[in-house]
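Architecture and fold: a report
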Amino acid sequence: MAASETGLWCVVPAAGRGRRFDADRPKQHIGIAGKSLLTWTLERLAAHPRIAGFVVVLAADDPLAHARIGIFGKPALTVIGGAERADSVLAGLRGLPDTVADAAFVLVHDAARPCVRHADIDALIDRGMPAGGGLLAAPVRDTLKRADANGFVLETEPREARWRAMTPQMFRRAELTAALESARRDGVIVSDEAMAMERAAFKPLLVECSDDNIKVTTPADYFLVEYFLLRDSKSKDGK
Ligand code: CTP
Ligand code: MG
């Protein structure tokens, strides 16, 4: 950590229902290799020396919403999320302590991405701060097809210059709050923080990250994530 840098706070949206994962509980609470998905993610983040604390955003009916969560001695506040991911992130930003200045950069990281690498978080912080904010992302590698309503190919899309947006995403507290509030006022559902910032005429920097940083979305992701987590617990290199 640079001498002048205090740690960053991280908002962790974990208030979703996990409909596509379709388990008997919200996916952030499913067990993988002995711990919940949320625990894996929070521990991975908390072990990063440049992350100072957390606001974990939980559903109103989540038993953890009224529990105290401590992670490796770092503060972890909990707040109640909303119907859309953007509502949850906004609730998380509002729940940041007053010690986090309006101009301070904050990270937003999906609870469902437990495999994010520490080196990628460092790259986001180091390259994203001078750029005014940015996000981890990976270039599209497959050939892209545009489909018609019946599932037939209309055309092949160029894949050059197309990226898959991931998290963490990092922006200044007040600017991100204002951008999310503006999207909500205009009735636009933004699927990530960068989209809200783009609407507010910012140009977020894409910082390339490892493909390991996958989001647990469907049951097919489970075994891949389990494999990465077990691999990383055997070797510190994965972090
Ligand atoms: N999330 C949230 N509040 C919501 C919706 C999503 O905090 N209203 C969180 C999820 O808990 C997850 C992250 O945002 O950690 C990414 O969202 P996604 O993968 O879409 O999770 P879910 O919305 O839970 O899944 P699904 O869309 O399949 O229902
Ligand atoms: Mg969702």
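Below, the structure is looked at part by part.

Procedures and definitions
- Residues numbered from 1 in each chain as written.
- Chains lettered and ligands numbered in written order.
- Predicted model: local features only at pLDDT ≥ 70, side-chain atom pairs only at ≥ 80, totals over all residues.
- Heavy atoms only, no water.
- Pairing = 2+ DSSP bridges.
- Helix = DSSP H or I, 4+ residues; strand = E, 2+ residues; numbered from the N terminus.
- Axes fitted to C-alpha atoms, helices over the stretch in contact; angles between N-to-C directions.
- Near = heavy atom within 4 Å.
- Polar contact = N/O pair within 3.5 Å; in protein donor to acceptor, adjacent residues only side chain to side chain.
- 1 Å grid on protein atoms, 1.4 Å probe; cavity = no way out; pocket = protein on both sides within 12 Å on 5 of 7 lines; lining within 4 Å.
- Sits in = over half its atoms within 2 Å of the grid points.
- Nonpolar A, V, L, I, M, F, W, Y, C, P; charged D, E, K, R; others polar.
- Points joined across faces, edges and corners; volume = space filled by probe spheres on them.

1. Some points on the sheet that holds strand S6 (residues 105–108)
Spatially, 7 strands are ordered S5-S4-S1-S6-S10-S7-S11 in an open sheet, and the strand pairing comes out mixed. Both outer strands of the open sheet, strand S5 (76–80) and strand S11 (205–208), are each paired with one neighbouring strand and no more. Shown here is a sheet whose adjacent strand axes are inclined to one another by a mean of 30°, direction ignored. By the bridge criterion, 4 bridges tie S6 to strand S10 (residues 163–172) in an arrangement that is antiparallel. Residue pairing in the sheet places Val 108 in a bridge with Gln 169 of S10.

2. Section: the site of ligand 1
Contacts to ligand 1 come from 19 residues, most closely from Gly 18, Arg 19, Lys 27, Ser 88 and Lys 215. Interatomic distance of 2.8 Å between a side-chain N/O atom of Lys 27 and an oxygen atom of ligand 1. Interatomic distance of 2.7 Å between a side-chain N/O atom of Lys 215 and an oxygen atom of ligand 1. Of the pockets mapped on this structure, ligand 1 occupies the largest pocket. At the level of secondary structure, the elements contributing two or more residues to the shell around ligand 1 comprise strand S1 (8–14) and helix H2 (85–94). Of the residues that constitute the shell around ligand 1, the class distribution is 6 nonpolar, 5 polar and 8 charged.

3. Notes on the layout of surface pockets
For the largest pocket, the calculated volume is near 780 Å³. Taken together, 32 residues make up the lining of the largest pocket; nearest its centre are Gly 16, Arg 17, Arg 20, Lys 27 and Arg 85. Only S1, H2 and S10 provide two or more residues apiece to the lining of the largest pocket. Per element, the largest residue contribution to the lining of the largest pocket is 4 residues, and it comes from S10. Among the residues making up the lining of the largest pocket, the classes are represented as 13 nonpolar, 9 polar and 10 charged. A volume near 180 Å³ is recorded for the second largest pocket. Considering the residues around the second largest pocket, the lining is formed by 12 residues, among which Thr 6, Gly 7, Leu 8, Ala 104 and Phe 105 are closest to the centre. Contributions of two or more residues to the lining of the second largest pocket are made by S1 and S6.

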